[in-house]
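A structural walkthrough
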Amino acid sequence: MLIEFEGQYLDVLQNIECALLSLVKDHPELSDHDMLRTTEQALTHYKSQQRGNPAIAQSKLTDIHQDIFERVLSICEWRLGRLPPPNKETVCSPITIEELLLCLKRIEKSIKFWTKQGGRKGYINFVTPRMLVSC
């Protein structure tokens, strides 16, 4: 079931992870905790939208965290069909907010798993080399 899900939504998962990890190279101090915090904030944001509530104010973020959060939201909004694609060659069908939430939950689970396996940068160290090819 998990492999089916990842196969079906691989492009969405990669898009979100690229946004999530986009600043790691320039900011080596970032850790899995930062990735998890951003993913959790995106989950909260879209769960609120799903319930029909206005976007809730996010907790105070540092500049770098705000930048990562905005990059993730931008990708999510594009995948929902609310923003134009990052480039004209990119074509994809919009997903539902329910599908987006499932993707964010899958990334959250991955972050927790790889942090447990490899320490404070376990997720970053596992995913970053794989993302360089697809970002």
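Use the structure listed above.
Residues numbered from 1 in each chain as written. Predicted model: local features only at pLDDT ≥ 70, side-chain atom pairs only at ≥ 80, totals over all residues. Heavy atoms only, no water.

1. Things to note about the packing of aromatic side chains
For any two aromatic rings, the description comes down to two numbers: the centre-to-centre distance and the angle of the planes. Threshold: For Phe, Tyr and Trp, where Trp contributes only its six-membered ring, two rings pair if their centres lie within 6.5 Å, and the inter-plane angle classes them as stacked under 30 degrees, edge-to-face over 60, or tilted in between. Note on classification: 1.4 Å probe, protein chains only; a residue is buried when its accessible area is under 20% of the maximum for its type, exposed when over 50%, partly exposed between these limits.
Tallying each qualifying case throughout the model produces 2 aromatic pairs. Between Phe-113 and Trp-114, the ring centres sit 4.9 Å apart and the planes meet at 85°, which makes this aromatic pair edge-to-face. The class of Phe-113 is partly exposed, set by a relative accessible area of 42%. Residue class for Trp-114 comes out partly exposed when judged on its relative accessible area of 23%. Both rings, one in Trp-114 and one in Phe-126, keep their centres 3.8 Å apart while their planes meet at 10°; by these two values the pair is stacked.

2. As for the side chain of Glu-108
Under the convention used in this document: Counting from the N terminus, the helices are the DSSP runs of H or I reaching at least four residues and the strands are the DSSP runs of E reaching at least two. A contact between two residues is defined here by any heavy atoms of the two lying within 4.5 Å.
Take Glu-108: it is sitting in helix α5 (residues 97-118). When sequence neighbours within four positions are dropped, the list of residues in contact with Glu-108 reads Leu-36, Thr-39, Glu-40 and Leu-43.

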